[in-house]
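# Overview (structure and organization)
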Amino acid sequence: MQLYMKQKVFSWKDKFSIMNSFGEDKYYVEGKVISIGKKLRIYDTAGTELAFVNQKVVSLMPKFSVEMNGEEVAVIKKKFTLLKPKYLIEGPGWEVQGDFFGHDYTITDGGKPVVAIHKKWMSWGDAFELDITDESHEVLAMAVVLAIDAVMDNQQNHAVTIGD
């Protein structure tokens, strides 16, 4: 199943629309305007909260938890590396590999693909294509992708170039 995640460009808070391959809204994501750490909530089109992505601010490296039905189901941690970013997903036991800077990576479970993520480059705001192999994993997969995207956005916003 393919989903398309599109960030709203002119918004005070994080806002994403998530559509199916027919262009129909399937989910939406909203963040808090003012909060300590990034907080994102995934809703279905009826407004029911399906997942809560919460940044753990007291952590040496970026760390997010994912709650579904009030229960923590995953923790996404960025590991310390010198060259290539690496993420650990505790809970479902998923692994992440690929080009994070190019937003082209895959999340696997025991070597089998769960979701492949590709960034759409010619669009206003961030736009991602998620190719999810099992529909039962789509909400958790979206939550993990949102957490990784939040870490990457934060790093790009705080990058210092030589000469600044």
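About the cut-offs
Residues numbered from 1 in each chain as written. Predicted model: local features only at pLDDT ≥ 70, side-chain atom pairs only at ≥ 80, totals over all residues. Heavy atoms only, no water. Salt bridge = Lys/Arg side-chain N within 4 Å of Asp/Glu carboxyl O. Helix = DSSP H or I, 4+ residues; strand = E, 2+ residues; numbered from the N terminus. Buried < 20%, exposed > 50% of the residue type's maximum accessible area, 1.4 Å probe, protein only. Phe/Tyr/Trp six-rings, centres within 6.5 Å; stacked < 30°, edge-to-face > 60°. Lys NZ or Arg CZ within 6 Å of the ring centre and 35° of its normal.

A side chain of one charge can pair with a side chain of the opposite charge if their charged atoms are brought near each other. All chains considered together, the criterion is met by three salt bridges. A salt bridge links Lys-26 to Glu-138; the shortest N-O distance between them is 2.9 Å. Taken together, the residues span a long stretch of sequence, with Lys-26 in strand β3 (residues 25-31) and Glu-138 in helix α1 (residues 138-157) at a distance of 112 residues. Across the pair Arg-41 and Glu-49 runs a salt bridge whose closest N-O atoms are separated by 3.0 Å. Judged by relative accessible area, Arg-41 falls into the partly exposed class, the value being 28%.

For the rest of this paragraph, the subject is the packing of aromatic side chains. As enumerated under the stated definition, the model contains one aromatic pair in all. Aromatic pair Tyr-28 and Tyr-43: ring centres 5.1 Å apart, planes at 20°, arrangement stacked. Taken together, the positions of Tyr-28 in strand β3 and Tyr-43 in strand β4 (residues 39-44) put the pair 15 residues apart, joining distant regions of the chain. For Tyr-28, a relative accessible area of 28% translates into the label partly exposed. Classification of Tyr-43 as buried rests on a relative accessible area of 17%. In this arrangement the basic side chain of Arg-41 is found over the ring face of Phe-52, its NZ or CZ atom lying 4.0 Å from the centre.

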